[in-house]
Amino acid sequence: EMVSSCVGVSGSRAMRGVTVGGKAPRVVEGRRQRRGVARDTRVKVSSAERASGVGSGSTAADRYVAMNRFRVQERKEGADAKFEKRWAERPSRLATMDGFRWFALFRRVNRDGSPLDEEAHADYNYTSMTLWEDKETFKVWREGDAFKEAHGGGNIKGILDMLISSAQTLKGKPKLLLANAYKTSSVSVSESDLPKMAGGWRELVADGVNLLEPECFMAANDFVVTSGQEEAFLEEANAKIIEKARTFPGFRFGTVLNADNNSSEEGDVYATATVWDDQASWEAFAGEDGAKAGVSKNVAAKDPFPRYFEGKLVLTTQKGA
């Protein structure tokens, strides 16, 4: 899948978000090695801040998120349906892996249902998004046989089939984005509400002509967080967005993502993402508390930019995300 997401774009500020942004926002990737230096998984604070005690209670990530972002050829008739069919029919045992929590293939949409404009289509219009309990369980998946099976089967025929399918539906290569997730809040899933799966993947028919029916809806907002205000932002985003959203019917989960290479002079880019049963559930929230949900101007340097997605091929466990 790699693979989200919750939650892209290459160039336009409007889509430089963590969830599907083209320019990968700043990822705090576990203890990622870069030029021999181990990087901490927690929200970053400067040495001066540490010396003064600011940020000493840094929030630890509670999930690890992997997203692959795709540019599907919008001008090629049926490319999107063929792309979804390829995903529906892939061999995968993702949901059986230790540490797996949630997956969906997201298609970017406009809130009013109108077609995406040319700028949006020039960027990433599909994103696969997988939530893991931590980076270690993601690495086991990424380095194991199950990953190879889902990406061409590890044999020449499977890889060739995948390459041919990609050439018929995609513009360019997919782009991987890894991120830490903070303040994740999820409802549990009853056994009767679990999606129908076979061997860890969805049991679903796709004809390659019609788009798959949406199974969830995600609303995401990018925030440029003022340097030194990361902890304050996480607390406000949790209290004013995620926890408020949780009180509304149809809420599935919410989280805050922080990915790599998207810092600026103004601060780091974080993205809030809330996932719902459907758009109507989110609209009910947006029409009430959602209209007031946000963070104060002293922690965010700019107004957030919203993006919307419909999710398909949802996988989860009874624990939820």
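Residues numbered from 1 in each chain as written. Predicted model: local features only at pLDDT ≥ 70, side-chain atom pairs only at ≥ 80, totals over all residues. Heavy atoms only, no water.

**Side note on the pattern of salt bridges**
Evaluation of the coordinates by the stated rule reveals 14 salt bridges. Salt-bridge contacts for E203 lead to K196; the nearest nitrogen and oxygen are separated by 3.9 Å. With its nearest N and O atoms 3.4 Å apart, the salt bridge here joins E310 to K312. Residues E310 and K312 agree in their burial class; the two are buried. (Salt bridge = Lys/Arg side-chain N within 4 Å of Asp/Glu carboxyl O. Buried < 20%, exposed > 50% of the residue type's maximum accessible area, 1.4 Å probe, protein only.)

**With respect to the packing of aromatic side chains**
If you walk through the whole model with that rule in mind, you get 21 aromatic pairs. Here the aromatic rings of Y64 and F138 are separated by 5.5 Å at their centres, their planes lie at 45°, and the arrangement is tilted. Remark: F138 occurs in helix α4 (residues 135-143) and Y64 occurs in strand β3 (residues 63-70); sequence separation between them is 74 residues. No difference in accessibility class separates Y64 from F138, as the two residues are buried. Aromatic ring contacts, followed pair by pair, group F70, F83, W87, F103, Y126 and W201 into a single cluster. Of note, R71 hangs over the ring of Y124, and the distance from its end group to the ring centre comes to 4.1 Å. (Phe/Tyr/Trp six-rings, centres within 6.5 Å; stacked < 30°, edge-to-face > 60°. Helix = DSSP H or I, 4+ residues; strand = E, 2+ residues; numbered from the N terminus. Lys NZ or Arg CZ within 6 Å of the ring centre and 35° of its normal.)

**Quick word on helix α7 (residues 230-246)**
Here α7 spans 22 Å end to end across 17 residues, near enough to the 24 Å set by a 1.5 Å rise per residue. The sharpest bend along α7 reaches about 35° and sits at N238. (Expected span 1.5 Å × (residues − 1). Bend = angle between axes of the 7 residues up to and from the residue.)

**Examining the side chain of T272**
Relative to the helices and strands, T272 resides in strand β11 (residues 267-276). When its relative accessible area of 3% is taken as the criterion, T272 is described as buried. Apart from the residues within four sequence positions on either side, T272 is in contact with A219, A220, N221, F223, F233, A237, I241, T255 and V256. (Contact = heavy atoms within 4.5 Å.)

**Re the nonpolar core**
For soluble globular proteins, nonpolar side chains are generally found buried alongside one another. In terms of nonpolar packing, the biggest core is built from 25 residues, with F83, W87, L94, F103 and L313 touching the most fellow members. For this core, the secondary structure elements donating two or more residues are β3, α2 (79-88), β4 (100-109), β5 (126-132), α4 and β12 (305-316). A per-element tally of this core places α2 first, with four residues. Grouped together as the second largest cluster of nonpolar side chains are 21 residues, F106, A179, A273 and A321 included. (Core = buried A, V, L, I, M, F, W, Y, C linked by side-chain atoms within 4.5 Å.)

**Focus on the environment of N210**
With respect to the secondary-structure elements, N210 resides in the loop between β8 (201-202) and β9 (216-226). Take N210: its relative accessible area is 48%, and that puts it in the partly exposed class. Along the sequence, N210 and K85 sit 125 residues apart, while their C-alpha atoms lie 9.2 Å from each other.

**Describing the pairing of β4**
Counting buried residues in β4 gives nine out of 10 residues, a clear majority hidden from the surface. Sheet topology note: the β4/β5 ladder contains seven bridges and is antiparallel. Looking at the pairing, F106 lines up with T127 of β5. The pairing of β4 with β12 spans seven bridges and is classified as antiparallel. Bridging from a neighbouring strand, V109 pairs with Y308 of β12. (Pairing = 2+ DSSP bridges.)

**Regarding the environment of S58**
Within the secondary structure layout, S58 lies in the loop between α1 (47-52) and β3. Classification of S58 as buried rests on a relative accessible area of 14%. The sequence separation of S58 and E230 amounts to 172 residues, and the corresponding C-alpha distance is 9.0 Å.

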